[in-house]
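# Examining the three-dimensional arrangement
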Amino acid sequence: MRAIVIHEHGGPEVLQPADLPVPKPSSGEALVRVKAVSVNGFLDISNRMGRVAFARYSFPHVLGSEHAGEVAAFGPDADTALAEGDQVVVSNRITCGDCASCRAGREEACLGLGVIGVTTPGAYAEYSVVPVANLRALPAGVSHVEASAAIVNGPLAQHQLDLADAQEGDWVLIQAGASASGSMALRAAQHRGCRVIATSRQDWKRERLAELGADAVLDPGQEDFAAAVKNVTEGNGADVAIINIGDPHLWERTIEAVANRGRIVTSGAMFGERAAFNARTFYEKNETIIGVRTANRESTERCWAQIERGLRPVVDQVLPLDHVADAHSRVEAGMNVGRVVLTVH
């Protein structure tokens, strides 16, 4: 089969075409004919650079975590209602099912959490082998491209907004709203009837966020940022804030911009790991900070129910698999608004 592999960590140039044997599914696994695979800034690009601490693989390795396609075959003992030829979406999380977190339905905290493309071979190829339990039928009216763009960020946004108890009419502040996760959170918040304040430091991205229907678009670097948020929200501040960036200055401004009893949700902490804030402000305003590693099975089901009701991700660009280096370069340079997706078959 045609595939893209890495023989070492490095820049986009380490992504090389290869001809590999079609993998065979073992017990409880399925062979998927890949139709589309999304480019993830962490699971693909940081992984390509050797910056994912929990990665487990040897070279050559096939990247690609979030994909959709068609069931080509099943291994032995496949317990599923799906059949060969069915169009499917592939969840990228591989959980142990036995630890206390898994038994409690909080698979996102699984002690043995694995990720397709990071701890197993991925989907930058014509075929992938995945657990049968990770398959779900592609919803009617949803393309493989759209599905692959929503696999991680859709359930994540659902989980973030659920844990923050975001309600219809609430103001939701989304920092870095033009990113793949930020744009999905924007769409998910809009879909549940929330009002959205989206931010970006770049003019052209703020224009795009306005086109996507954000109720307000702000530059998080402006000196009066908290005052601007309060001006938009009639002096109250944001009910919910989503911030996935570990920039101390941005964190301080986010906390200042949140309303009394506001909820701040964070996932990933890209571009830094330490954040500072005024503890008195946090205490006096009864604010809550919620850390979310990833989605779980329950939030994933709720997300796909919303997708069936019309929720869609923001797709930035669609490229063929052979242009994977260009796709990585675009995301790495921050030129995307939403997901960049590769098509295979």
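Residues numbered from 1 in each chain as written. Predicted model: local features only at pLDDT ≥ 70, side-chain atom pairs only at ≥ 80, totals over all residues. Heavy atoms only, no water.

Two measures define how a pair of helices packs: the angle their axes make with one another and the distance between the axes. The N-to-C vectors of helix H7 (residues 225–232) and helix H8 (residues 248–257) enclose an angle of 30°; their axes lie 8 Å apart at closest approach. Relative to H8, the element H7 is oriented roughly parallel. Relative to H8, H7 is oriented so that their crossing is right-handed. On H8, the residues that touch Phe225, Ala226, Val229 and Lys230 of H7 are Arg253, Glu256 and Ala257. The residue inventory of the contact of H7 with H8, partitioned by class, reads four nonpolar, no polar and three charged. (Axes fitted to C-alpha atoms, helices over the stretch in contact; angles between N-to-C directions. Helix = DSSP H or I, 4+ residues; strand = E, 2+ residues; numbered from the N terminus. Parallel < 35°, antiparallel > 145°, perpendicular 65-115°, else oblique. Left-handed = near helix turned anticlockwise from the far one by under 90°. Contact = heavy atoms within 4.5 Å. Nonpolar A, V, L, I, M, F, W, Y, C, P; charged D, E, K, R; others polar.)

In this section: the pairing of strand S4 (residues 66–74). With seven of nine residues buried, S4 is to be regarded as a mostly interior element. Two elements, strand S3 (residues 29–38) and S4, share eight bridges in a ladder whose sense is antiparallel. By the bridge assignment, Val32 is partnered in S4 with Val71. Where S4 meets strand S5 (residues 87–90), four bridges bridge the pair, whose relative direction is antiparallel. Bridge pairing in S5 links Ala68 to Val89. (Buried < 20%, exposed > 50% of the residue type's maximum accessible area, 1.4 Å probe, protein only. Pairing = 2+ DSSP bridges.)

A few words on the sheet that holds strand S11 (residues 195–199). The six strands lie next to each other as S12-S11-S10-S13-S14-S15, forming an open sheet whose pairing is parallel. In the strand order of this sheet, the two ends are held by strand S12 (216–218) and strand S15 (288–291), each with one partner. Within this sheet the neighbouring strands show an average axis-to-axis angle of 20°, counted without direction. Two strands pair when backbone bridges link them, and strand S10 (residues 171–174) and S11 are joined in this way by four bridges, in the parallel orientation. Residue pairing across strands places Leu173 opposite Ile197, the latter belonging to S11. Along the sheet face, H8 touches S10, strand S13 (238–242), strand S14 (258–266) and S15 and points at about 140° away from the line of S14.

Now for the environment of Pro21. In this fold, Pro21 is placed in the loop between strand S2 (15–19) and S3. C-alpha separation for the pair Pro21 and Ala3, spaced 18 residues apart in sequence, amounts to 9.7 Å.

The omega torsion of the bond from Phe59 to Pro60 falls at -5°, within 30 degrees of zero and hence cis. If you trace the backbone, Pro60 turns up in the loop between helix H1 (41–48) and S4. The residue Asp165 is not glycine, and still its phi comes out positive at about 55°. Relative to the elements of secondary structure, Asp165 occurs in the loop between helix H4 (153–163) and S10. Located in the positive-phi region is Ala176, a residue other than glycine, with phi close to 55°. As for its position among the elements, Ala176 is in the loop between S10 and helix H5 (180–191). Assessed through its relative accessible area of 23%, Ala176 is described here as partly exposed.

None of the figures reported here should be taken as evidence of function without further support.
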